[in-house]
Each structure stands twice: as structure tokens, then as C-alpha cells.
Amino acid sequence: MPLRFNIPSLLAADSPQPLDPARLKKFVDSLPIPRVLRPKRIAKGIPQYEVTMTAFRQKLHRGLPPTYLWGYNHTYPGPTFEAGTGQPISVKWINHLPTRHFLPVDTNIHGADMGAPAVRAVVHLHGGHVPPESDGYPESWFTPGNSATYLYPNNQPAMPLWYHDHALGITRLNVYAGLAGLYLIRDSAENALNLPRGRQEIPLLIQDRAFNTDGSLFYPVSDLPVSPEHPGPWVPESFGNAILVNGMVWPHLAVEPRKYRFRIYNGSNARFYNLSLSSGQPFFVIGSDGGLLETPQGMTQLLVAPAERVDVVVDFTSLRGMNIQFTNDANAPFPGGDPVDEHTSQVMEFRVMRHTSSRDTSILPPFLRPVPRISESSATLLRDLTLVEQADADDNPTGSFLNGMTWDDPVTESPQLGSTEIWRLINLTDDTHPIHLHLVQFQVLDRQPFDEEAYEATSQIVFTGPPLPPEPNEMGWKDTVRANQGAVTRLIARFTDYAGRYVWHCHILEHEDNDMMRPYVVVAP
């Protein structure tokens, strides 16, 4: 869909114009590492944290003026939490944002209708196994001047979680504005593996953004004329023309000729990344959303959808003195959209030094941890769930839906507490959708191509090929799965510990906001 600049800008009186990314030189700024947050106090054995959402300005590239952002504790990305398995923490989330949004709010989509305050926020710990009152339910938003306190039990093994805004109807805007940060759970079993750590363990939060000439964020709005089908500025996906890592545009990282562990997060609104190293060498995937795999998987390219996380080890030992780029070749939208260009094909650069400061004693063990597969025979229910898009007569998207239903329709998914279910995601759209389930870590079973026309005519699944097993990097625990175009994607999940109201949704944030998100309820027996 064509894009136009949203005028007037709320940050400058001279109506800045969109910035040509060619004006930003690549790999001139060092990769920042988000600081680790410390608790304010410890009460009854539980660390107590406070995090404040604020507006501020921050340099995102040396060639840009400071950018107006929203973030946690005056920084983008927000500070990193590090928690131990089995050690609960309490976080007080405080909203000190302005009362006026600086990005284009569409008041015609659910949750953002006229009457709702323009600025509201609620925090979701993505991948967290938490009680419903601490999950960041999209309707549990709170406005500037208010706060919410959540308890995170951390009764999960070591894994890379992240936190971000989840306010109904404006998640895409709040995350784009900067409301996201990292959350690592650690345990003794992972620590005993002697993987690269300390300065050799680096988080990489990858996001795309576009800018105006004054350094402000550019967020696209629809150029279609206002009509009942297109009543507001919502666009079906937003893609930036600059790639940021840890809040810096095309950064570089100096690395020693030794092994490094990179915790990779795709925090983009809609962009997929198919990552590879310009040296052509393999990297070793050791973990996914829900922590370590059983064994390292050597790969030369790695597809990462929005909200997915991958844990990789790269060995720079044989690359002394070389500059290596992390590159991307995923179309946008994925898979059938526009190809990358000279800007979106570049992510960051590694500058390999000639000498090490100390001997590399880390190892890449042949076995990481057991990941027992959930038996399909243990499932008590099979759910068929469709992914559909709505378009106008000219094939312009006007909304996306799960099972053809909106957010406000009655709940149709009510797993029993303690039960195991298989969900079949039937994709009837032209896109791959990253589907995220709150509360649970699940396992991907397979993907199988099917006849879409036959399904739309009869509601019967006619498979057109054999089932395909998960990719090697998907053989661990997951909370987000790529539901591929023209395929039925199966996952299996156990619903344990907590009864109550949660959500499942597409993690393309523009889809989630309109209207590809549904509540589900875990029912106590």
C-alpha cells in the first residue's frame, strides 16, 4: 500500500519531510548494550522493581538529531531484567507519558474508538508463564498518572523473554514509539554448560524504523480516501527503511576472535528477517523462544518472525581482522512482498580484532538439555482455527481476523486447566503470520500444504502434500509460531498452573490492532 507522511508533525513546526536512509552512513556507531535493572528493594524475599514510562529524546545515529521517543526508565530499549528460575519478582509499572499521542491514532479500530484516552499503556511479559492479573491483558490499560504492579513467578527454565506494550488498539504505535525491553531468566543448568558469557553474551534486539529529516519517527498512514471501508489512517503493515539493533541504526560491534553468544530478538512491528553472515560461515542455533534446544543446530541462514527469539553461537576465531555483516534477505510483507534493498538488507557489522584479551575457555557442548516431545495422544481436543483477511473491491486490506471473528465476539477457545490441546492454524491469507499464545510454551508439530479454494468452498481440509517437520531451530519450546501461507500449522500445548483470561494473536502489530487478536479463557475444572 502506498505511504504518505502524516502532516502536521506534532514535534516540529516546519513540517519535516521523510528522511532518505542513504543519508545515514552504516556501521559508524557502536552497538549499545541495555543496562541490567536492579531492584529498588527486597520485601519478604521478593525483589521489588519500579519502571516508569516516559517521553525523552535519544540519539539513534550520529547523523540524526536526537529522536523523540517513549520508553521505560528514560531509555530505548528499556532496561534488561535478569531473573533466576523460581525467584519471583514484583514490578511496579508507572505511566508518566504525555496525554497526547505523537503517532497517528486511528479511532475507528477496536479499543481506540472515540472516547478512549489517546494515551494508555499496559505491559505484557512476552513468553511469561504468569497469572492472568499480571499478563498485561489488552483492556487492562492505565493512563498517565497511574500505575499497575505485577508479580512474575519466573517458574520457568532459562529462556529469553521480552516485555512490551499491549494496549488494545494502539500496540503498534506504542511499541514503535519505543516501549520494549528484554527479560532474561537464568538457571543453574544453563550456567553449568560453560557457554560464552559476560562480555561474550550479547543481546540483539532488531527493529526497523523510518525517520523524518528532523530525527523524529515516521510512521505511515494510508493514502486511500476516507470511506466506510477505510475510515482512518490504519495501514496493514508498517516497514521502516532503516534497521536498528538495541536502539542504534546499523551499528557495529568489535569482537575478539573467539566464540560469542548472541540473544537475537525480532522486535519489529511487521518485518521478518532472514539472517546470514556475509562471510558465509555457519552459526550454531542453541535456543528458541522457550530456551535451549537439545543439541546445537548449524545453519547458514535463519528466518526470524516478529516476536520470535533465537539464541546463536558464532565463532570468530578464523576471521581475525575481518569485518563481517549480519545481512537480511526477507521480503516485506513476507513471503511475497517487496525484496530488500541496499538498506534493509543490512543489519549490523562485526569487526573482528586480531587478538584476544584472554583465552577462550567457553565451549559449544554437543548436548544442551532434554526437550521431551509432548505426545499427540495426550491431547484431549483438536481445534481448527482460521487466519483470514478482509479487503475492499480493489483488494486493499481493511482488517485481519482469527476464525473470522473480532476481539469483541464471545470467547470460543476455553481450554481446561491441566489439559493438552492441538491447534491447527489454517492460513487463508497471502502472508505468513507469527501467531503468539499468551501463558504457554508449546511445541510445533508440523506444517502441511492444503487446497485453500476447496476449504473456502466446503470448509474441509484437503491436503496437497505431506506434512513438513519443524525447522531445526523450532525443535524446542516456542510461544510464537510462523503460520505459513497456504499451510496448516499444528502446535501442541499444555495449559497448566493458572486459570483465567488470556489472549492469542498475530504478532504483526498492525494485524493485532485490527482485528487479529482473540481472548481465550483457561477454565478451572
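Reference entry: report on the structure contained in this document. (Residues numbered from 1 in each chain as written. Predicted model: local features only at pLDDT ≥ 70, side-chain atom pairs only at ≥ 80, totals over all residues. Heavy atoms only, no water.)

1. What to know about the nonpolar core
This is how the line gets drawn: Residues belong to one nonpolar core when they are buried, are Ala, Val, Leu, Ile, Met, Phe, Trp, Tyr or Cys, and are joined through side-chain atoms within 4.5 Å. Only protein chains enter the accessibility calculation, which uses a 1.4 Å probe; a residue is then buried when its area is under 20% of its type maximum, exposed when over 50%, and partly exposed in between. Strands here are runs of E lasting at least two residues and helices are runs of H or I lasting at least four, both read from the DSSP assignment and numbered beginning at the N terminus. A contact between two residues is defined here by any heavy atoms of the two lying within 4.5 Å.
Judged by nonpolar contacts, the single largest core of 88 residues is most densely connected at Phe81, Trp93, Tyr183, Phe262, Phe326 and Phe350. Among the elements that line this core, the one with the most residues is strand β11 (residues 201-211), at 5 residues. Among all residues touching Phe262, those that are not within four sequence positions of it are Ile202, Leu204, Leu253, Val310, Asp311, Val312, Val314, Phe316 and Phe350. Counting 30 residues, the second largest nonpolar core, distinct from the first, contains Phe272, Ala305, Val481 and Ala493.

2. Describing the sheet that holds strand β10 (residues 180-186)
We apply this condition: Between any two strands, pairing holds if DSSP finds at least two bridges. Between N-to-C directions, angles span 0 to 180 degrees; the directions come from axes that are lines fitted to C-alpha atoms, helices contributing only their stretch in contact.
Here we have 4 strands laid out as an open sheet, ordered β5-β10-β9-β7, and mixed in their pairing. Every interior strand has two partners, whereas the edge strands, β5 (81-84) and β7 (123-126), have only one. Strand-to-strand twist of the sheet, defined as the mean angle between neighbouring strand axes without regard to direction, takes the value 25°. In this sheet, strand β9 (residues 159-165) lies alongside β7 in antiparallel orientation, the contact comprising 4 bridges. Note that in β9 the partner of Val123 across the bridge is Asp165.

3. Things to note about the sheet that holds strand β16 (residues 252-255)
Strand pairing in a sheet relies on backbone hydrogen bonds. The paired strands run either parallel or antiparallel. Taken in spatial order, the 5 strands of this open sheet run β16-β24-β23-β18-β21, and their pairing is mixed. Here the strands that pair on one side only, and so sit at the sheet edges, are β16 and β21 (302-304). Taken over all neighbouring pairs, the strand axes of this sheet differ in orientation by 25° on average, direction set aside. Where strand β18 (residues 273-277) lies against β21, 3 bridges are found, and the strand directions are antiparallel. Bridging from a neighbouring strand, Asn274 pairs with Leu303 of β21.

4. Regarding the pattern of salt bridges
Put simply, the rule reads: Any Lys or Arg side-chain nitrogen located within 4 Å of an Asp or Glu carboxyl oxygen qualifies as a salt bridge.
Applying the stated criterion to the full structure yields 25 salt bridges. Here Arg258 makes a salt bridge to Glu256, at a shortest N to O gap of 2.9 Å. Note on accessibility: Arg258 and Glu256 belong to one class, buried. Connected through salt bridges with shared partners, the residues Asp289, Glu308, Arg309, Arg447, Glu474, Lys478, Asp479 and Arg482 form a single ionic network.

5. Focus: the environment of Met299
Relative to the elements of secondary structure, Met299 occurs in strand β20 (residues 291-299). Sequence separation between Met299 and Lys59 is 240 residues, and the spatial gap between their C-alpha atoms is 34 Å. The contacts of Met299, once residues within four sequence positions are left out, are Pro282, Phe283, Val285 and Asn473.

6. Regarding the packing of aromatic side chains
Here a ring pair, both rings aromatic, is described through the centre-centre distance and the interplanar angle of the planes. Short version of the rule: Two rings from Phe, Tyr or Trp (for Trp, the six-membered ring) form a pair when their centres are within 6.5 Å of each other. A pair whose planes differ by under 30 degrees is stacked, one over 60 is edge-to-face, and the rest are tilted.
All told, the structure shown has 27 aromatic pairs when counted by the stated rule. Note on Trp70 and Phe102: the rings are 5.3 Å apart at their centroids and 65° apart in plane angle, and the pair reads as edge-to-face. Taken together, the residues span a long stretch of sequence, with Trp70 in strand β4 (residues 67-72) and Phe102 in the loop between β6 (89-95) and β7 at a distance of 32 residues. Across the pair, Phe102 and Trp70 agree in class, each one buried.

7. Some details on a negative patch on the surface
Rules: Like charges within 9 Å and nonpolar side chains (Val, Leu, Ile, Met, Phe, Trp, Tyr) within 5 Å are joined into patches, using only residues over 30% in relative accessible area that form no salt bridge. Throughout, the Shrake-Rupley method with a 1.4 Å probe supplies accessible areas, and for residues the shown protein chains are the sole cover considered. Asp and Glu are treated as the negative residues and Lys and Arg as the positive ones, with His and the ends of the chain left uncounted. Charge positions are represented by NZ for Lys, CZ for Arg, CG for Asp and CD for Glu.
A cluster of acidic side chains, namely Glu229, Glu389, Asp394, Asp395 and Asp430, defines a negative patch on the protein surface. Its place among the elements puts Glu389 in strand β25 (residues 381-391).

8. A closer look at the side chain of Ser134
You can see Ser134 is positioned in the loop between β7 and β8 (147-152). You can call Ser134 buried: its relative accessible area is 4%. The residues contacting Ser134, other than those within four sequence positions of it, are Tyr150, Leu151 and Tyr152.

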